[in-house]
Amino acid sequence: QVQLVESGGGSVQAGGSLRLSCAASGYTYSTNCMGWFRQAPGKEREAVATIDSDGSTSYVEYVEGRFTISQDNAKNTLDLQMNSLKPEDAATYYCAASSGCSWGGFMSGYWGQGTQVTVSS
């Protein structure tokens, strides 16, 4: 069992920054990949960034250069630094843990409750 709790969401102006954090607890030894996903109203949930057990990261193209995913293994925390936020970044952001970096893996993995991000123009 893995428990995930997100924090750091809020409302910012376009061009502003937010840092999301995810605290993980439980049997995290079984996870091999963690990531941040987001879902806007009326839209499908999409992957934003992932980080593998070897530290390699992957980003969706439209956040590349603006968002940075990082993990502190000692503290079991996962962060997403979001800079130069755009209105289209507004969504509920979810932290997830999976046995592998794949959509199917995450869907059968563990998820937090989500944290809301609002970006005003």
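So, a few notes on the structure that sits alongside this text.

Rules used in this analysis
Residues numbered from 1 in each chain as written. Predicted model: local features only at pLDDT ≥ 70, side-chain atom pairs only at ≥ 80, totals over all residues. Heavy atoms only, no water. Pairing = 2+ DSSP bridges. Helix = DSSP H or I, 4+ residues; strand = E, 2+ residues; numbered from the N terminus. Axes fitted to C-alpha atoms, helices over the stretch in contact; angles between N-to-C directions. Core = buried A, V, L, I, M, F, W, Y, C linked by side-chain atoms within 4.5 Å. Buried < 20%, exposed > 50% of the residue type's maximum accessible area, 1.4 Å probe, protein only. Contact = heavy atoms within 4.5 Å. Phe/Tyr/Trp six-rings, centres within 6.5 Å; stacked < 30°, edge-to-face > 60°. Lys NZ or Arg CZ within 6 Å of the ring centre and 35° of its normal. Polar contact = N/O pair within 3.5 Å; in protein donor to acceptor, adjacent residues only side chain to side chain.

1. Concerning the pairing of strand β5 (residues 46-52)
So, point 1. Pairing of strand β4 (residues 33-39) with β5, which is carried by six bridges, proceeds in the antiparallel orientation. Along β5, the bridge assignment pairs Met34 with Ile51.
So, point 2. Counted along the chain from β4 to the antiparallel partner β5, the turn is six residues long, and its residue Gly42 has a positive phi close to 75 degrees.
So, point 3. Where β5 meets strand β6 (residues 57-59), three bridges bridge the pair, whose relative direction is antiparallel. Bridged to Ile51 within β6 is Thr57.
So, point 4. Here β5 hands over to β6 after four residues, with Gly55 in that stretch at a positive phi of 90 degrees.

2. Examining the sheet that holds strand β3 (residues 18-26)
So, point 1. Read from one edge of the open sheet, four strands run β1-β3-β8-β7, paired in antiparallel fashion. Since the sheet does not close on itself, it has two edges, and those belong to β1 (2-7) and β7 (67-72), each with one partner. With strand direction ignored, the average angle separating the axes of adjacent strands in the sheet is 15 degrees.

3. Let's talk about the nonpolar core
So, point 1. One finds Trp36, Leu80, Met82 and Tyr93 to be the most contacted residues of the largest nonpolar core, which totals 26 residues.
So, point 2. Of all elements in the fold, only β1, β3, β4, β5, β7, β8 (77-82), β9 (91-98) and β11 (115-120) reach the threshold of two or more residues within this core.
So, point 3. With residues near it in sequence (within four places) discarded, Met82 still touches Gly16, Ser17, Leu18, Leu20, Arg66, Phe67, Tyr93 and Val117.

4. Considering the packing of aromatic side chains
So, point 1. One pass over the structure, following the stated rule, counts four aromatic pairs.
So, point 2. By way of ring pairs, the aromatic residues Phe37, Tyr94, Trp103, Phe106 and Trp111 are connected into one cluster.
So, point 3. A cation over a ring is seen here: Arg45 above Tyr94, with NZ or CZ 3.9 Å from the ring centre.
So, point 4. The ring of Trp111 has Arg45 lying over it, and the distance from NZ or CZ to the ring centre is 4.8 Å.

5. Here we look at the environment of Ser21
So, point 1. If you trace the backbone, Ser21 turns up in strand β3.
So, point 2. Placed 12 residues apart in sequence, Ser21 and Gly9 show a C-alpha to C-alpha distance of 8.8 Å.
So, point 3. Filtering out sequence-adjacent residues up to four positions away, Ser21 remains in contact with Val5, Glu6, Ser7, Trp36, Leu78 and Asp79.
So, point 4. Side chain to side chain, Ser21 and Asp79 meet in a polar contact 3.0 Å long.

6. So, unusual backbone geometry
So, point 1. Phi at Asn76 takes a positive value of approximately 55 degrees, unusual for a residue other than glycine.
So, point 2. Positionally, Asn76 belongs in the loop between β7 and β8.
So, point 3. Classification of Asn76 by relative accessible area gives partly exposed; the value is 31%.
So, point 4. Of note, the phi angle at Ser84 is positive, near 50 degrees, even though the residue is not glycine.
So, point 5. Note on placement: Ser84 falls in the loop between β8 and β9.
So, point 6. Judged by its relative accessible area of 40%, Ser84 falls in the partly exposed class.

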